[in-house]
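# Commentary on secondary and tertiary structure
Listed below are the residues making up each chain.
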Amino acid sequence: MAPSLAQAYRRRWWMAVTSIIENLFFSAVLLGWGSLLIMLKNEGFYSHLCIVNETSGTNRTMVQGSRWPSCVQQDEMLNLGFTIGSFFLSAATLPLGILMDKFGPRPVRLMGSSCFAASCAMIAAAAYDPEVLSVLIFFAVSFNGFGGICLTFTSLTLPNMFGNIRSTILSLMIGSYASSAVTFPGIKLIYDFGVPFRLIMWVWTGMACIVFLNCFLNWPGESFPAPEDSRYTKKIRMNGVVTEDKMTGDRYVTNVMIMEDTVRAKQQESEQRDSENTTKAAVPICHSVCSPIFLWSVLVMAITQLRLIFFMGAMNKMLEFLVTHGDPNLSVELQKEAEDQVAFYSSIFGTMQLLCLLTCPMIGYVMDWRMKECEEENVNISTSKSNSAPPKRDRNIQKLSNAIRAFIFTNLLLVMFGVISLIDNLPLQVVSFALHTVVRGFIHSCCGGLYAAVYPANHFGTLTGFQSTISAAFALLQQPLFILMVGYLGGDPFWINIGLLIFSLVGFLLPCYLFYHRRGLIREKAHLDVIAARQSEKEHDDLIQSDCGPSKSEEYGNIPNGQDPDWHTLSRVRIPGRWKPSQDVWGSAEMLTVLFLTLDLYRSQMEGRCSILTNHQSRRLNEEGGKSCF
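Just so you know, these numbers come straight off a predicted model, no measurement behind them.

## Some words on the overall build of the chain
For the chain, the count of helices and strands is 27 helices and four strands. Burial analysis of the chain (630 residues in total) assigns 45% to the buried set. Taking the intrachain contacts of the chain between residues at least 6 apart in sequence as the baseline, contacts between residues at least 24 apart amount to 78%. Carbon and sulfur atoms make up 62% of the accessible area of the chain, which totals about 32,400 Å².

So, in structure tokens, the structure goes:
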């Protein structure tokens, strides 16, 4: 049985830590394609294409330490598998977002872990007879990409349970997703020590089953509410703190107010449907999809995704060209050197993917910059602001400012990566590896933070999925670009990198539009502040007039019969002296007057008289017979 939302809230740190580990080993592992490609070639996947085309003069070589040949046709076929897998890794987010918004993350995560386990089992089975079962690699990478994005996408909703550090936790999730490219280089290291490839895949299948079990035991059946969701409540409790004066020995008890976040169960089904219908009617999904911010973000993400995916798919060929410089007549020594250099730098690239786990919290810190100084959402202006308290920052404006800084910084790093990729220097490419890793983690964190800041929480999954699907479809262009590079250009990636660098400059248009949109919000907020200030001044003037102005009902002796005298009534009675409502300390004469008035009021109520007895009436009663009011 699935745990309740309150139980999941108490286990949120366990779920966060395990999600980071699971993303690291089971999410986007296909991004470490360079190391997996070497192992697949060593195991003979699609090597029969080289044997068939041996008589037609195909560029055919032998992989070092392997009995299987290698050729361009094999590279193109395996790169097609990577293209399909990377497509599912991104394109599946649209249906997953819709399903997750409707059914919650639990069933999606269970399905994802099952698909990942099935993909590892298919790769292990295909390795028994690669000449016949090589076609299974396409199904395996498809299941691998789909299962990985299920695990990643469901973990992106978990940071909603962490309040003000939501963007930081979200960046850790995205960082672990981006760092999962280190998994296949780590597996290749184990493979180089002599562990059979099939055994590694079967063990990995069993570990994926543990992910399934962890999700089954700990993840709730409903979605995680955002901090502004009605299911979040503030629990306030008073704690008594005892302090002791060291000089006198006196003890003091101070009450300290502690505010805690709690999550309560869902509303009744009818109330929930009404609230959902009201929210969706207020902001329809079509309005969010057609907004300029979303359209610009889709364009920027599509170009960036193509740039990053093409580099990962063609990296081995790029490194080989930097060693051989396209020489068609390779000597044995040069061929061996090229293979060693490609394996060495592929391992470096895979190891550097761990930088995502370290650098993504940096962009999360940028997205959370000064958010604690902002005013709370859905708070009445008249009650939240005081004359003595300094004005707080607007939350929406601060979110946009943080997003502008994050996108500008990420685009600068992307341009630097494109420039270094053009330089014909093999050791310098280590810098491009680092920039590639950082940009890949930053861009997803920026988009996720932007959508969470600008759009309603119930649109986050659909918008993220829609954007990822378009980006994945655009990234399919990397396959014809790869064929163009290894065919017509003879393995030289220079002109393709030039074109991608020019397209990368489009990314600066998004922060420019965000800056324009922020100016509009600032003007709107200034206009609302002016209106609120005028209204507050008017209410203040009315209050002063009602409290201090002359009125017949405030004269002494005109309190209606049967009305209980209270402090508010007595404070409005006109008493001798130049008393003003703003005075904090009254004189002794005023206090005595109020005390006598109080006694007269109680005496008049006990006799049922219509008004307070005046001094003249009291004297006449005493002359007639000395009647007492008691």
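The structure having been displayed, the exposition proceeds.
## Quick look at the side chain of S119
By secondary structure assignment, the location of S119 is in helix 7 (residues 105–126). Those residues within four positions of S119 in sequence are excluded, and the remaining contacts are A140, F143 and N144.

## Observations concerning the packing of helix 15 (residues 292–324) against helix 16 (residues 332–351)
When two helices pack together, their arrangement is captured by the angle between the axes and the distance separating the axes. Helix 16 packs onto helix 15 with a crossing angle of 140° between their chain directions and a minimal axis gap of 9 Å. The orientation of helix 15 with respect to helix 16, classified from their angle, is oblique. Between helix 15 and helix 16 lies a crossing whose hand is right-handed. On helix 16, the residues touching F311, M312, M315, N316, L319, E320, V323 and T324 of helix 15 are L334, E337, A338, Q341, V342, Y345, S346 and F349. Residue composition of the contact of helix 15 with helix 16, grouped by class: ten nonpolar, four polar and two charged.

## A word on the packing of helix 6 (residues 93–103) against helix 7
Taken N-terminus to C-terminus, the directions of helix 6 and helix 7 make an angle of 135°; their axes are 7 Å apart at the nearest point. With respect to their mutual orientation, helix 6 and helix 7 come out oblique. On helix 7, the residues that touch L96, L99, M100 and F103 of helix 6 are P105, P107, V108 and M111. Here the contact of helix 6 with helix 7 is built from residues that sort into eight nonpolar, no polar and no charged.

## Notes on helix 20 (residues 429–454)
Its 26 residues give helix 20 an end-to-end C-alpha distance of 37 Å, which sits within 8% of 38 Å, the value for a rise of 1.5 Å per residue. Among the 26 residues in helix 20, 22 count as buried, and that is most of the element.

## Examining helix 16
The terminal C-alpha atoms of helix 16, which comprises 20 residues, lie 29 Å apart, in line with the 28 Å expected from a rise of 1.5 Å per residue. Taken together, the buried positions of helix 16 are L334, A338, V342, Y345, S346, F349 and G350. All buried residues of helix 16 lie within an arc of 140° about the axis, which places them on one face of the element. Away from its buried face, by an angle of more than 90 degrees, helix 16 presents the exposed residues V332 and E333. Tucked inside the fold, the buried residues of helix 16 contact helix 3 (33–43), helix 11 (183–192), helix 15 and helix 20.

## A word on the confidence of the model for the chain
For the chain, per-residue confidence averages 74 on the pLDDT scale, and 70% of positions sit at 70 or higher. Of all the helices and strands in the chain, helix 18 (residues 381–384) carries the lowest mean pLDDT, 42, while helix 23 (residues 494–504) carries the highest, 92. Confidence drops under pLDDT 50 across residues 265–281; counting only partners more than four residues distant or on other chains, this segment forms nine contacts. Long-range and interchain partners of residues 609–617, a stretch whose pLDDT sits below 50, account for 17 contacts in this model, where long-range means more than four residues apart.

## Section: unusual backbone geometry
One non-glycine residue, Y46, lies in positive phi territory at about 60°. Looking at where Y46 falls in the secondary structure, it is placed in the loop between helix 3 and helix 4 (48–52).

About the thresholds
Residues numbered from 1 in each chain as written. Predicted model: local features only at pLDDT ≥ 70, side-chain atom pairs only at ≥ 80, totals over all residues. Heavy atoms only, no water. Helix = DSSP H or I, 4+ residues; strand = E, 2+ residues; numbered from the N terminus. Buried < 20%, exposed > 50% of the residue type's maximum accessible area, 1.4 Å probe, protein only. Contact = heavy atoms within 4.5 Å. Areas by Shrake-Rupley, 256 points an atom, 1.4 Å probe, with all protein chains shown as cover. Axes fitted to C-alpha atoms, helices over the stretch in contact; angles between N-to-C directions. Parallel < 35°, antiparallel > 145°, perpendicular 65-115°, else oblique. Left-handed = near helix turned anticlockwise from the far one by under 90°. Nonpolar A, V, L, I, M, F, W, Y, C, P; charged D, E, K, R; others polar. Expected span 1.5 Å × (residues − 1). Arc of directions from axis to C-beta. pLDDT = per-residue confidence, 0-100.

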